[in-house]
Protein chains: 2
Amino acid sequence: MTDMMQAWRLRSRPDGDIADGDLELVTEPIPSLSDGQVLVEVNYVSLDPTNRIWMSDMDQYMPPVALGDIMRAGIAGTVLESKHAKYTPGMTVGGLGGWATHFVADAATIQPIPDVPGISLAKIFGSLGGTALTAYFGLLDICDPQPGETLVVSAAAGAVGSVVGQIGKIKGSRVIGIAGGPDKCAYVVDELGFDACIDYKNEDVGSRLDALCPDGIDINFENVGGDIMEAVMSRMNDFSRMPLCGMISTYNDSEDQPGPKSWPLILMRRIKVQGFIVSDYARDFGKASMQIAQWAAEGKIKTREDIRPGIENAVTTVKDLYTGGNFGKLLLEVKAP
Amino acid sequence: MTDMMQAWRLRSRPDGDIADGDLELVTEPIPSLSDGQVLVEVNYVSLDPTNRIWMSDMDQYMPPVALGDIMRAGIAGTVLESKHAKYTPGMTVGGLGGWATHFVADAATIQPIPDVPGISLAKIFGSLGGTALTAYFGLLDICDPQPGETLVVSAAAGAVGSVVGQIGKIKGSRVIGIAGGPDKCAYVVDELGFDACIDYKNEDVGSRLDALCPDGIDINFENVGGDIMEAVMSRMNDFSRMPLCGMISTYNDSEDQPGPKSWPLILMRRIKVQGFIVSDYARDFGKASMQIAQWAAEGKIKTREDIRPGIENAVTTVKDLYTGGNFGKLLLEVKAP
């Protein structure tokens, strides 16, 4: 067994787009284990929009990654060595780790990932894990969607948006997606069963929303921010709901952006805008995960993974998130399970 | 009995501040009554920040006042003549009327105002009516204030803000007001029992908030918008609440303003921002009014009215709202009751 690992360390905070040199791939000794710790060999690194937030020092929901530290990420891996009674070598676990081939975790910060026959680890960990839970709680807890309501979801082909729309359909909503390019839009409508999808790269979002949402918009599940958010928000109905899940279009901005011009509509139309982070709902993960797994087994929730090989490709790969270059839940396969 | 009335008609939509000529005081015949209608002689016109919204054609929660129409307002008055069985001459009623000495109302659009010994009509209609209900529902329904939480309310000496803070105290919150000038601040603390009040005309709001809210802000009851909103919003806690009741500081802006720079904090700190209009809660007015009256009788809610005489002074008087020139609920006394 090797005693060396590879890891990406944050060297400087990106100013705008992530630049060469902001992160450095280093080879270094695997730390030795203390009591209560577990050594995990990483199979998958989850690459998520929020990674860019963690690289910055903007005001955020958990401490930013410190300069010099290994870049933080959700990971799934295999226990190699354990100094905690609950974990034994060979077990599959998940938790907050980093962009690395190995990591040493306090046992309290990881959880076992169950083996489900016929479903890949990439799907269980990637698409049906944190991102599906994000969709589940953001839509059901904040919006309480009602049959016949119109739900618009941006980044509709993405890991969160795709599940939001499918849960919306389960709840009887009319679901309009917004995604980039004809392939993603076709997937959203033909494979996932959305009522329609707007191609923001080739269509005028505002006029398409007018055509597709003649009765206005009751729920705006907001993943992207910027101009698309503005277009959706200006068409929201009285008493509509807007969970703020992400604003990926703004994460690479080097200057602070003002809030949306539609801000006064929050008052005039009595809109509820509410931010959330999936970890706020940790105590309800068990029940929600069972529901998601059941829907997936029934074919009501389909997911797609975009798996890229090689720890050395972490930076190149994560950048795709901010240009729409991924198609499905983006995972880095560090070592095939 | 006269058959003529005076009324302010909207002639042009203000661009920025209300200008001479935007409204015209006319003398004209009182319309004759149809079946089901009531002629009301106006005692008080309620002058409220939202009047400026109704004069504009901005996207708003009810239709704007049409050009040429009598300027809309809440009024309290005395029935002079009735073609509806429920109303008889001499009864005191309230409803949506206009800036006028008389108006003809469909009976369904007015309500009797009960006579309460020892409490003036100006107080019952003005301070303990719609504005107190606005405070009640915005704070209790949207914020669910908890003992020990920190509540900040802008326009704290105003009709809504003063009641918000007092209900906050009843619920056990620490209450910090923001008001303009030492007299208003002294009133808010000494008379109303707020824990502190920031004088935005003479103090730096941000540094005073830092000093007075060392544990951050749990509830921001937003009445003013603009720079004060920005200062409060940037200091809001995780899971804090922000009912959007008004943005008076922006109503005279002739150009659209962008939303607050603190917009991303809604996500990062999981803030709930929710707009509301008091009429949304109409079905619960009865119960709430009884609670407010009880608190007022117990001395837990004190109010102050700023009563100005003369229908001819409507425009001059309403302008005071936008400069902070009123002190208490602003009412125009058209005819003493």
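Here the residue numbers are simple positions, counted from 1 along each chain's written sequence. By the order in which they are written, chains take letters starting at A while ligands take numbers starting at 1. For a predicted model such as this one, the threshold for reporting local features is a pLDDT of at least 70, and the threshold for listing and counting side-chain atom pairs is 80 or more; totals across whole chains, interfaces and linings nevertheless cover every residue. Hydrogens are left out, water is left out, and the side-chain values use all remaining heavy atoms of the structure.

**Considerations on the overall build of chain A**
By the criteria applied, helices consist of DSSP H or I runs no shorter than four residues and strands consist of E runs no shorter than two, each listed in order from the N terminus. When helices and strands are tallied, chain A shows 9 helices and 15 strands. Against the 2.2 N^0.38 benchmark of 20 Å for 337 residues, chain A shows a C-alpha radius of gyration of 20 Å, consistent with a compact globule. The C-alpha extent of chain A, read off along each of the three principal axes, is 60 × 45 × 35 Å. The buried share of chain A, taken over its 337 residues, is 57%. Counting contacts in chain A only where the partners sit at least 6 residues apart, residues at least 24 apart contribute 66% of the total. When the 29 positive and 44 negative side-chain charges of chain A are each reduced to one mean point, those points stand 5 Å apart. Put simply, the radius of gyration uses C-alpha atoms, and a globule should come to 2.2 Å times the residue count raised to 0.38. The cut-offs for exposure are 20% and 50% of the maximum accessible area for each residue type, with area from a 1.4 Å probe on protein chains only; residues under the lower value are buried, those over the upper are exposed, and the others partly exposed. By definition, residues are in contact when any of their heavy atoms lie within 4.5 Å. For this count, His and the chain ends are skipped, Lys and Arg are scored as positive, and Asp and Glu as negative. Taken as the charge centre is NZ of Lys, CZ of Arg, CG of Asp or CD of Glu, depending on the residue.

**What to know about the packing of aromatic side chains**
The pairing test for Phe, Tyr and Trp rings, Trp by its six-membered ring, is centres within 6.5 Å, and the orientation test on the planes gives stacked under 30 degrees, edge-to-face over 60, and tilted for anything in between. Applying the stated rule across the entire model yields 13 aromatic pairs over all chains. Ring centres of A:Tyr136 and A:Phe137 lie 5.0 Å apart, and the angle between their planes is 75°; on these two criteria the pair is classed as edge-to-face. Comparing A:Tyr136 with A:Phe137, the two get one shared label, buried. Here B:Tyr187 and B:Phe327 contribute two aromatic rings whose centre-to-centre distance is 5.2 Å and whose plane-to-plane angle is 85°, an arrangement assigned as edge-to-face. Here the residue B:Tyr187 occupies a position in helix α4 (residues 182–191), and B:Phe327 occupies one in the loop between α9 (314–323) and β15 (329–333), the gap between them amounting to 140 residues. A cation sits over an aromatic face here: A:Arg304 above A:Phe327, 3.6 Å from the ring centre. The ring of B:Tyr187 carries the charged tip of B:Arg304 above its face, separated from the ring centre by 5.4 Å. Working rule: Lys NZ or Arg CZ, within 6 Å of ring centre, within 35 degrees of ring normal, means a charge sits over the ring.

**Comments concerning the relation of the copies chain A and chain B**
Mapping chain A onto chain B calls for a rotation angle of 180° and an axial translation of 0.0 Å; the resulting RMSD is 0.0 Å. Read as a symmetry element, the transformation amounts to a two-fold axis. Rotation axis and chain A: the residue whose C-alpha lies nearest the axis is A:Gly259, separated from it by 1.8 Å. Most of the interface of chain A is mirrored in chain B, where 100% of its interface residues again form contacts. C-alpha atoms of residues with pLDDT of at least 70 in both copies form the basis for the least-squares superposition of the copies.

**Observations regarding the side chain of B:Ser46**
All names here are of chain B. Of note, Ser46 is situated in strand β3 (residues 37–46). Polar contacts, as used here, are pairs of N or O atoms within 3.5 Å; protein pairs need one atom able to donate a hydrogen and one able to accept it. Residues neighboring in sequence count only if both atoms are side-chain atoms. Here the side chain of Ser46 touches Asp48 through a polar contact of 2.6 Å, side chain to side chain. A distance of 2.9 Å separates a polar atom in the side chain of Ser46 from a polar atom in the side chain of Lys329. Beyond its immediate chain neighbours, meaning those up to four positions away, Ser46 contacts Asn51, Ala73, Gly74, Phe125, Lys329, Leu330 and Leu331.

**Some points on the interface of chain A and chain B**
Tallying the contact residues gives 35 residues for chain A and 35 residues for chain B. Of the roughly 2900 Å² buried between chain A and chain B, counting both surfaces, carbon and sulfur atoms make up 70%. Accessible area that two parts lose when put together, with a 1.4 Å probe and added across both, is what the buried area reports. Among the residues chain A hides against chain B, the three largest losses belong to A:Trp263, A:Leu267 and A:Met268. Together they make up 27% of the total. Salt bridges are identified by distance alone: a Lys or Arg side-chain nitrogen within 4 Å of an Asp or Glu carboxyl oxygen. The interface formed by chain A and chain B contains 4 salt bridges.

**Comments concerning the confidence of the model for chain A**
For every residue, the predictor reports its confidence as pLDDT, a number between 0 and 100. On average, residues of chain A score 95 in pLDDT, and 100% of them reach the 70 mark or higher. As a predicted assembly, this complex carries a pTM of 0.93 together with an ipTM value of 0.92.

**Details of the side chain of B:Arg269**
The topology assignment puts B:Arg269 in the loop between α7 (263–268) and β13 (272–275). Residue B:Arg269 is classed as buried on the basis of its relative accessible area, which comes to 12%. Leave out the neighbours within four places in its chain, and B:Arg269 touches A:Asp59, B:Met233, B:Ser234, B:Arg235, B:Met236, B:Asn237, B:Asp238, B:Phe239 and B:Ser240.

**Focus: the environment of A:His102**
Residue and element names in this part refer to chain A. Along the chain, His102 turns up in strand β6 (residues 102–106). Of the residues examined, His102 reaches a relative accessible area of 5% and is grouped as buried. Separated by 95 residues in the primary sequence, His102 and Ala7 place their C-alpha atoms 8.0 Å from one another. Setting aside chain neighbours within four positions, we find His102 in contact with Thr2, Met4, Met5, Ile30, Leu39, Val40, Glu41, Val42 and Leu80. Engagement of the side chain of His102 in a polar contact is seen with the side chain of Thr101, the distance being 2.8 Å.

**Here we look at helix α2 (residues 121–143) of chain B**
Most pronounced at B:Ala132, the bend in α2(B) amounts to some 40°. The buried count for α2(B) comes to 19 of 23 residues, which makes it a mostly enclosed element. A residue's bend is given by the angle between axes fitted to the 7 residues ending at it and the 7 residues starting at it.

**Remarks on the nonpolar core**
Buried Ala, Val, Leu, Ile, Met, Phe, Trp, Tyr and Cys residues that are joined via side-chain atoms within 4.5 Å together make up what is termed a nonpolar core. One finds A:Trp99, A:Trp263, B:Trp99 and B:Trp263 to be the most contacted residues of the largest nonpolar core, which totals 128 residues. Discounting residues that sit within four places of it in the chain, A:Trp263 has contacts with A:Met233, B:Met229, B:Met233, B:Met242, B:Leu244, B:Met247, B:Gly259, B:Pro260, B:Trp263, B:Ile266 and B:Val273.

**Here we look at α4(B)**
All names here are of chain B. Residues of α4 that are buried include every one of Lys184, Cys185, Tyr187 and Val188, and no others. All buried residues of α4 project into a common sector of 160° when viewed along the axis, lining one side. Residues of α4 that are exposed and angled more than 90 degrees away from the buried face: Pro182, Asp183 and Asp190. Buried residues belonging to α4 abut β9 (174–179) and β10 (196–199). Picture the helix axis, draw a direction to every C-beta atom, and the arc is the one those directions span.

**Observations regarding unusual backbone geometry**
All names here are of chain A. Look at Ala155: it is not a glycine, yet its phi comes out positive at around 50°. Within the fold, Ala155 resides in the loop between β8 (150–154) and α3 (159–170). The backbone of Arg270 shows a phi angle near 55°, a positive value even though the residue is not glycine. Mapping Arg270 onto the fold places it in the loop between α7 (263–268) and β13 (272–275). By relative accessible area, Arg270 is classed as buried at 9%.

**Section: the pattern of salt bridges**
A full pass over the atoms with the stated rule returns 30 salt bridges over all chains. A:Asp306 is the partner of A:Arg308 in a salt bridge, and the nearest nitrogen-oxygen pair spans 2.7 Å. Note that B:Arg270 is salt-bridged to B:Asp238, the shortest N-O span being 3.8 Å. Taken together, the residues B:Arg270 in the loop between α7 and β13 and B:Asp238 in strand β12 (residues 236–244) connect sequence positions 32 residues apart. For B:Asp238, a relative accessible area of 40% puts it in the partly exposed group. Ionic contacts of the salt-bridge type, sharing partners, join the residues A:Asp238, A:Arg270 and B:Asp280 into one network.

**Here's the deal with the environment of B:Arg9**
All names here are of chain B. Mapping Arg9 onto the fold places it in strand β1 (residues 4–10). Considered as a pair, Arg9 and Val65 are 56 residues apart in the sequence and their alpha carbons are 9.5 Å apart. Other than its neighbours up to four places away in sequence, Arg9 contacts Asp22, Leu23, Glu24, Val26, Glu28, Gly68, Asp69 and Ile70. A distance of 2.7 Å separates polar atoms of two side chains, one belonging to Arg9 and the other to Glu28.

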